[in-house]
Amino acid sequence: MLELTEAEFEDLIAQALDEIPGELAAMMENVVVLVEDEAPEETPELLGIYEGTPLTERGEWYTGVLPDAIRLFRLPILRLCETWEDAVEEVLVTVVHEVAHHFGIDDDRLHELGWE
């Protein structure tokens, strides 16, 4: 398991978010990215989760709601990593995966596109 401080991990997330093309990043709306140390007890292997209403499902009713959340689970991600490069890649894949859910892209489509 690679050991990173919370600040180092958050820097990796910022780098991953910077990899999102500008035109897509500009379309991200009412969503926050949060870091938690561990995934929920019932799904300890979970690396990240998107909680909210995807952009493709928002309608006129979508006003005055709390932000959606992308939650990244630091320790489960780091347990998969042996090197800094592993962590960079794993964080990028997890961020892209959860941001895709924000855009309404499901797991099946992500797998078709090569994002495991």
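Owing to the predicted nature of the structure, the values given are computational and were not obtained by experimental measurement.

## Examining the overall build of the chain
Counting secondary structure elements, the chain contains five helices and three strands. When the helices and strands of the chain are listed from N to C terminus, the series reads α-α-β-β-β-α-α-α. At 14 Å, the chain has a C-alpha radius of gyration in line with the 13 Å of a compact globule built from 116 residues. Dimensions of the chain along its principal axes, counting C-alpha atoms only, are 45 × 30 × 25 Å. Counting only residues that meet the buried cut, the chain has 35% of its 116 residues in that class. Counted over contacts in the chain with a minimum sequence separation of 6, partners at least 24 positions apart contribute 74%. As displayed, the chain offers around 7,100 Å² of accessible surface, 52% of which is attributable to carbon and sulfur atoms.

## Some thoughts on the pattern of salt bridges
In this structure the tally under the stated criterion is six salt bridges. With a closest N to O distance of 2.5 Å, arginine 71 and glutamate 51 form a salt bridge. With arginine 71 in strand β3 (residues 68–73) and glutamate 51 in strand β2 (residues 48–51), the pair connects residues that are 20 residues apart, well separated along the chain. You can call arginine 71 partly exposed: its relative accessible area is 23%. Looking at glutamate 51, the relative accessible area reads 34%, which means it is partly exposed. Between arginine 58 and aspartate 68 there is a salt bridge, with the nearest N and O atoms lying 2.5 Å from each other. Taken together, the residues span a long stretch of sequence, with arginine 58 in the loop between β2 and β3 and aspartate 68 in strand β3 at a distance of ten residues. Of the two residues examined, arginine 58 and aspartate 68, each falls in the buried class. Taken together, the salt bridges that share partners define one network made up of Glu36, Glu51 and Arg71.

Rules behind the numbers
- Residues numbered from 1 in each chain as written.
- Predicted model: local features only at pLDDT ≥ 70, side-chain atom pairs only at ≥ 80, totals over all residues.
- Heavy atoms only, no water.
- Helix = DSSP H or I, 4+ residues; strand = E, 2+ residues; numbered from the N terminus.
- Rg over C-alpha atoms; globule rule 2.2 N^0.38 Å.
- Buried < 20%, exposed > 50% of the residue type's maximum accessible area, 1.4 Å probe, protein only.
- Contact = heavy atoms within 4.5 Å.
- Areas by Shrake-Rupley, 256 points an atom, 1.4 Å probe, with all protein chains shown as cover.
- Salt bridge = Lys/Arg side-chain N within 4 Å of Asp/Glu carboxyl O.

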